[in-house]
Amino acid sequence: QVQLVESGGGLVQAGGSLRLSCVVSGRTFSRYAMGWFRQAPGKEREFVAAFSRSGISTYYADSVKGRFTISRDNAKNTVYLQMNSLKSEDTAVYYCAYRSSYSSTYYNPDEYDYWGQGTQVTVSS
């Protein structure tokens, strides 16, 4: 079992910044992919950003490219999502997700095995 715990969400004005954290614990593999997804009310869960299993490559949704940065601290088993220049359309519950298997894509939530409980991000305009 793998446990994921997110933190760092909150209320911020448009143009502001937030940093989300996701602590990974439990029986993790040495190589695993980590992703951030979000879900706004009435919408499907959508891909935001991800690390490859090697931890070298990163991937971003077009809507956040240039504004969001995914990073990881292996010593702390933590993955971060730095969010800058926030917009009202970024308002959502943000989830981190873990995947041990290989896939050529990172944007499909069905391919992830474990999920955190989510953290609310609200951007006021």
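Residues numbered from 1 in each chain as written. Predicted model: local features only at pLDDT ≥ 70, side-chain atom pairs only at ≥ 80, totals over all residues. Heavy atoms only, no water.

Regarding the overall build of the protein
Moving on, step 1. Along its length, the protein carries 0 helices and 11 strands.
Moving on, step 2. Its helices and strands in sequence order give the protein the pattern β-β-β-β-β-β-β-β-β-β-β, from N to C terminus.
Moving on, step 3. For 125 residues, the compact-globule estimate of 2.2 N^0.38 gives 14 Å, and the C-alpha radius of gyration of the protein, at 14 Å, lies within 12% of that figure.
Moving on, step 4. Overall, the C-alpha framework of the protein stretches about 40 × 25 × 25 Å when taken along its three principal axes.
Moving on, step 5. For the protein, the residues scored as buried account for 41% of the 125 residues in total.
Moving on, step 6. Restricting the contact set of the protein to residue pairs at least 6 apart, pairs at least 24 apart contribute 56%.
Moving on, step 7. For the protein, the distance from the average position of its 13 positive side-chain charges to the average position of its 10 negative side-chain charges is 7 Å. (Helix = DSSP H or I, 4+ residues; strand = E, 2+ residues; numbered from the N terminus. Rg over C-alpha atoms; globule rule 2.2 N^0.38 Å. Buried < 20%, exposed > 50% of the residue type's maximum accessible area, 1.4 Å probe, protein only. Contact = heavy atoms within 4.5 Å. Lys, Arg positive; Asp, Glu negative; His and termini not counted. Charge placed at Lys NZ, Arg CZ, Asp CG, Glu CD.)

Describing the sheet that holds strand β3 (residues 18–26)
Moving on, step 1. Pairing is antiparallel in the open sheet, where 4 strands are placed in the order β1-β3-β8-β7. Single-partner strands in this sheet number two, and they are β1 (2–7) and β7 (68–73). Between one strand and the next, the sheet's axes are offset by a mean angle of 15 degrees, whatever the strand orientation.
Moving on, step 2. Of the strand pairs in this sheet, β1 and β3 are connected by 6 bridges, and their pairing is antiparallel. Looking at the pairing, Val-2 lines up with Gly-26 of β3. (Pairing = 2+ DSSP bridges. Axes fitted to C-alpha atoms, helices over the stretch in contact; angles between N-to-C directions.)

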